[in-house]
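Below are the chains, spelled out letter by letter.
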Amino acid sequence: VLRYQFNSADWQEKVKSKLEKDHSVDITELEDNSLYQIIASGRDSLGNLTESGVKIFATPLDSRPPQIIDIVIESSMLGSEGKGAQIAVGWKTDEPTIGKVDYGAGTEGAFTDSVSEGETPKLEHSVVISGLDPSQTHHLKIIVKDKAGNQTESASQIFITNEGKQSVLDLILKTLKEIFGFIKITK
């Protein structure tokens, strides 16, 4: 049994019931840059108990930036009239973070607007961006920050908002014309 404690909180336990000579126990979700008290104890096959004295353990300062994974962008129309578009952006991080999405019109350039998801650190994230013009190309980037202040930005992501009355081919041709303006595209 490994018992550990942080800042006079209740003692937590990690139990390993296998009889062996060499022991190791993984403890996760510890506060970074903090001191913990640890007591290790064990019983042999006859039931004899042995216990260590209290040991002090310091966790390192978190200096690693979080990783952004599994980015998903879904576009939809607002209302039955098709007068506006919105996107839902979802992503995951490898540690709890708070995040925001910066976005702008076109395939590159300034990120003119931003949407935050809140102030509660979490592993799975989502935001909805409304009021976008239908059938337009936009770009966005995701910015996340962990509780230690380490920040990560995703690469720029390009998306096209839905248009209820245009075909997929029309959207693709329009986007190609925006990206490669010097190319003449005819149907």
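Quick caveat: nothing in here was measured; it's all calculated off a predicted structure.

Enquirer: Help me understand the pairing of strand β10 (residues 137–146) in this model?
Expert: The buried count for β10 comes to 9 of 10 residues, which makes it a mostly enclosed element. Strand direction decides the pairing type here: strand β7 (residues 84–105) and β10, joined by 9 bridges, are antiparallel. What sits directly across from alanine 105, in β10, is histidine 138. In terms of strand pairing, β10 meets strand β12 (residues 157–160) through 4 bridges, oriented antiparallel. Bridge pairing in β12 links threonine 137 to isoleucine 160. Strand direction decides the pairing type here: β10 and strand β11 (residues 151–153), joined by 3 bridges, are antiparallel. For isoleucine 143, the partnering residue across the bridge sits in β11 and is glutamate 153. Two successive antiparallel strands, β10 and β11, enclose a turn made up of 4 residues, where glycine 149 displays a positive phi of approximately 90°.

Enquirer: So what exactly am I meant to see when it comes to the confidence of the model for the chain here?
Expert: Close inspection of predicted coordinates is inappropriate in any region flagged by low pLDDT. On average, residues of the chain score 82 in pLDDT, and 80% of them are at 70 or above. Ranking the elements of the chain by mean pLDDT puts helix α1 (residues 168–179) last with 63 and β11 first with 96.

How each quantity is defined
Residues numbered from 1 in each chain as written. Predicted model: local features only at pLDDT ≥ 70, side-chain atom pairs only at ≥ 80, totals over all residues. Heavy atoms only, no water. Buried < 20%, exposed > 50% of the residue type's maximum accessible area, 1.4 Å probe, protein only. Helix = DSSP H or I, 4+ residues; strand = E, 2+ residues; numbered from the N terminus. Pairing = 2+ DSSP bridges. pLDDT = per-residue confidence, 0-100.

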